[in-house]
Amino acid sequence: MLKSLLFLLSLIPLARLTWLSLHNGLGANPIEFITRSTGTWTLVFLLLTLSITPLRRLIGRNDLIRYRRMLGLFAFFYACLHFTTYIWLDQFFDWSAIVKDVIKRPFITVGFASFVLLIPLAATSTHAMQRLLRRRWQQLHRLVYLIAIGGVLHYWWLVKKDITQPALYALALTLLLGFRLAYRFISRAP
Ligand code: HEM
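Notes on the structure follow. Being a predicted model, the structure only gives us computed values, none of them experimental.

Analysis parameters
Residues numbered from 1 in each chain as written. Predicted model: local features only at pLDDT ≥ 70, side-chain atom pairs only at ≥ 80, totals over all residues. Heavy atoms only, no water. Phe/Tyr/Trp six-rings, centres within 6.5 Å; stacked < 30°, edge-to-face > 60°. Helix = DSSP H or I, 4+ residues; strand = E, 2+ residues; numbered from the N terminus. Expected span 1.5 Å × (residues − 1). Buried < 20%, exposed > 50% of the residue type's maximum accessible area, 1.4 Å probe, protein only. Contact = heavy atoms within 4.5 Å.

### Thoughts on the packing of aromatic side chains
The final tally for this structure, using the stated rule, is 14 aromatic pairs. Joined through ring pairs, the aromatic side chains of Phe 7, Trp 41, Phe 45, Phe 74, Phe 77 and Tyr 78 make up one cluster.

### Section: helix α4 (residues 68–90)
Look at α4: 32 Å from first C-alpha to last across 23 residues, which is about the 33 Å you get at 1.5 Å a residue. Restricting attention to buried positions, one finds in α4 the residues Met 70, Leu 71, Phe 74, Ala 75, Phe 76, Tyr 78, Ala 79, His 82, Thr 85, Tyr 86 and Ile 87. Just beyond α4, the residue with positive phi is Phe 92, at close to 50°.

### As for the environment of Leu 47
Looking at the secondary structure, you find Leu 47 in helix α3 (residues 30–59). Along the primary structure Leu 47 and Arg 57 are separated by 10 residues, whereas in three dimensions their C-alpha atoms are 16 Å apart. Apart from residues no more than four positions distant in its own chain, Leu 47 is found in contact with Tyr 169, Ala 172, Leu 173 and Leu 176.

### Side note on the side chain of Thr 53
By the secondary structure assignment, Thr 53 is in helix α3. We classify Thr 53 as buried; its relative accessible area is 6%. Ignoring any residue separated from it by four or fewer positions in sequence, one finds Thr 53 in contact with Arg 68 and Arg 180.

Written out as structure tokens, the structure reads:
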């Protein structure tokens with residue numbers, strides 16, 4: 001029940017974008033609007049995915065783990081929309097321009113790397129893959145930390161003046177990763 005509700009809530013950003021595009025509500029630069037919105041939601045879902053484990057430990061609700069995979073897959077879903085907007089509406093499938101852009105602009109390089117790293121995580125997100133890969137699954141899925149750091153860096157580097165927003169995401173990520181480190185340290189202490 002709660003899972004279905006969370007699923008529907010996670011679709012709201014997409015529903016909002018669809019509604020706005022059908023009603024001329026995307027402003028003067030619709031492509032920029034869609035890119036920014038899908039990028040923001042990718043980052044938000046990444047951080048939500050990373051907040052499940054600290055929350056489980058803080059409130060002692062182990063069943064929260066049931067929602068982690070879905071949140072992670074929504075991060076991938078919005079990343080796909082974000083990337084598609086870029087290659088389709090922004091670059092018009094001009095592959096040589098895209099390759100040049102990925103090489104030349106550091107914020108695109110790091111965003112692209114984060115997106116590529118998300119693919120194996122999404123592909124191995126099933127329970128069957130988790131059983132098959134065992135320890136290696138955990139090692140592979142630790143890439144999510146790198147992806148989230150890449151996502152924040154991507155945002156930080158693309159902002160020209162006011163860094164308040166990326167700084168807030170960086171703070172949230174630092175707290176989430178810091179909690180994990182502290183927990184590891186404390187639980188290993190004799
Ligand atoms: C995990 C991967 C990614 C995350 C978390 C992410 C996140 C974001 C965020 C938060 C923004 C800014 C939103 C705002 O201004 O409010 C953004 C903008 C943008 N992203 Fe990404 N992104 C990712 C991957 C990519 C990839 C693969 C590309 C293209 C190769 C890309 C291209 C862009 C562009 C062109 C912008 C708009 C820049 C501008 O407004 O000047 N991103 N992204």
